[in-house]
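Okay, here's what each chain looks like letter by letter:
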Amino acid sequence: MASESSMKPLAQLAAYLAMALAAVLGSASLLLLVCFLFLGNFHFFQFGLSPATALVWDALLSAVFFLQHSGMIRRSFRQRLERFVPDPFHGLIFTVASASALIICLVLWQPAGEPVHQLDGAPAWLMRVFFFLAIAGFAWGVRALGSFDAFGIKPVVALLRNSQTRQYPFVLKGPYRWVRHPLYFFSLVLFWSCPAISPDRLLFNVLWTVWVVLATFLEERDLVSQFGDSYVQYQREVPMVFPWRIPSTRPPGSSTS
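The structure presented is a predicted model; accordingly, all values stated were derived computationally and were not measured.

What counts as what
Residues numbered from 1 in each chain as written. Predicted model: local features only at pLDDT ≥ 70, side-chain atom pairs only at ≥ 80, totals over all residues. Heavy atoms only, no water. Helix = DSSP H or I, 4+ residues; strand = E, 2+ residues; numbered from the N terminus. Buried < 20%, exposed > 50% of the residue type's maximum accessible area, 1.4 Å probe, protein only. Contact = heavy atoms within 4.5 Å. Areas by Shrake-Rupley, 256 points an atom, 1.4 Å probe, with all protein chains shown as cover. Lys, Arg positive; Asp, Glu negative; His and termini not counted. Charge placed at Lys NZ, Arg CZ, Asp CG, Glu CD. 1 Å grid on protein atoms, 1.4 Å probe; cavity = no way out; pocket = protein on both sides within 12 Å on 5 of 7 lines; lining within 4 Å. Points joined across faces, edges and corners; volume = space filled by probe spheres on them. Nonpolar A, V, L, I, M, F, W, Y, C, P; charged D, E, K, R; others polar. Phe/Tyr/Trp six-rings, centres within 6.5 Å; stacked < 30°, edge-to-face > 60°. Lys NZ or Arg CZ within 6 Å of the ring centre and 35° of its normal. Salt bridge = Lys/Arg side-chain N within 4 Å of Asp/Glu carboxyl O. Patch = residues over 30% accessible without salt bridge, like charges linked within 9 Å, V, L, I, M, F, W, Y side chains within 5 Å. Axes fitted to C-alpha atoms, helices over the stretch in contact; angles between N-to-C directions. Parallel < 35°, antiparallel > 145°, perpendicular 65-115°, else oblique. Left-handed = near helix turned anticlockwise from the far one by under 90°.

Please give an account of the overall build of the protein chain that cites residues and values.
Scanning the protein chain from terminus to terminus reveals 9 helices and 2 strands. When the elements of the protein chain are put in sequence order from the N terminus, they spell out α-α-α-α-β-α-α-α-β-α-α. Once the C-alpha set of the protein chain is aligned to its principal axes, its extents read approximately 60 × 55 × 30 Å. Looking at the 257 residues of the protein chain, the share that counts as buried comes to 36%. Taking the intrachain contacts of the protein chain between residues at least 6 apart in sequence as the baseline, contacts between residues at least 24 apart amount to 79%. Of the accessible surface of the protein chain, which amounts to about 14800 Å², a share of 68% is contributed by carbon and sulfur atoms. Of the side-chain charges in the protein chain, 19 are positive and 13 negative, and the distance between the mean point of each set is 8 Å.

Which residues make up the layout of surface pockets, and what values go with them?
Roughly 280 Å³ of internal volume is contained in the second largest pocket. Those elements giving two or more residues to the lining of the second largest pocket turn out to be α1 (9-39), β2 (196-197) and α8 (199-227). In terms of residue count, the dominant contributor to the lining of the second largest pocket is α1 (3 residues). Grouping the constituent residues of the lining of the second largest pocket by class yields 9 nonpolar, 5 polar and 3 charged.

A description of the packing of aromatic side chains should follow, citing residues and the corresponding values.
Per the counting criterion, the structure on display carries 22 aromatic pairs. When the ring of phenylalanine 65 is compared with that of tryptophan 211, the centres are 5.5 Å apart and the planes differ by 70°; the resulting orientation is edge-to-face. With phenylalanine 65 in helix α2 (residues 51-72) and tryptophan 211 in helix α8, the pair connects residues that are 146 residues apart, well separated along the chain. The two residues phenylalanine 65 and tryptophan 211 agree in class, both being buried. Here the aromatic residues Phe36, Phe42, Phe44, Phe65, Phe66, Trp109, Phe191, Phe204, Trp208 and Trp211 are joined through ring pairs into a cluster of three or more. Directly above the ring of phenylalanine 38 sits arginine 128, whose terminal nitrogen or CZ lies 4.0 Å from the centroid.

Give a detailed account of unusual backbone geometry, specifying residues and quantitative values.
Not every positive phi belongs to a glycine, and histidine 43 is a case in point at roughly 60°. Of note, histidine 43 is situated in the loop between α1 and α2.

Residues and numbers for the pattern of salt bridges, please.
For the structure on display, the rule yields 1 salt bridge. A salt bridge links arginine 180 to glutamate 220, with the shortest nitrogen-to-oxygen separation between them at 2.9 Å. Residue arginine 180 is located in the loop between α6 (154-160) and α7 (182-192), and its partner glutamate 220 is located in helix α8; the two are separated by 40 residues in the primary sequence. Taken as a pair, arginine 180 and glutamate 220 share a single burial class, namely buried.

So what's going on with a nonpolar patch on the surface? Residues and values would help.
A contiguous nonpolar patch, built from Val116, Trp192, Leu202, Val206, Val210 and Leu214 and spanning about 520 Å² of accessible area, is present on the exposed surface. With 4 residues, the single largest contributor to the nonpolar patch is α8. Note on placement: valine 206 falls in helix α8.

Tell me about the packing of α2 against α8, and name the residues and values.
Running from amino to carboxyl end, α2 crosses α8 at an angle of 20°, the nearest separation of the two axes being 10 Å. Classed by the angle they form, the pair α2 and α8 counts as roughly parallel. Considering the relative orientation of α2 and α8, their crossing is right-handed. Facing α2, whose interface residues are Leu55, Asp58, Ala59, Ser62, Phe65, Phe66, His69 and Ser70, α8 presents Pro199, Asp200, Leu203, Leu207, Trp208, Trp211 and Ala215. Of the residues belonging to the contact of α2 with α8, the class tally is 10 nonpolar, 3 polar and 2 charged.

Printed below as a string of structure tokens:
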């Protein structure tokens, strides 16, 4: 049984409030994103911009989120952050910042004209099926991870309990035998499984697809640094994002001898 936390009561209260804030904002931002991808622009705020200006505005909103998310998730940023904030709280700070940036991006997103491509009938329904299959794939990927901590809460809970954060081995199962980044693959399916694509939605799909691909390469560097030769072997055997081949019957990274 873990011993009581050595944190002072006021610090404990602040930790619980921070976890609650991260959970609320993180959940709200993800729900908002799913609704945005399924329903389209929310039209919460209409600035009356011309289509061209709206596209520039939307691109800037996306760029702000990309810079915040990709910058703060890097190990180099977290190392600098350690000088000001204890390591267990880094995940909470990242979650609050990312969720806030995503909410702002989606709420302030501006329309830019009528659809340039629209499917009807069976093809439209097929796109919707792909959308929900991608959501199911997300759940599959999260379950397969086991160690997934969407909002950075587990390290703070361990600190409050005065215990060690559980370390998970490099185990690959489920969709991780098909691709190294299944959550990114399912994200791309969510982006593009839209029956009606307006100019601003096309901009969103293109920009966010490029960002996901670039972020994957950056994350690969961190994973190689973290897991070493095991991950290098995994890279050789399993595709990065797109499942273009059937996985081997033996677990990725296992010895052939």
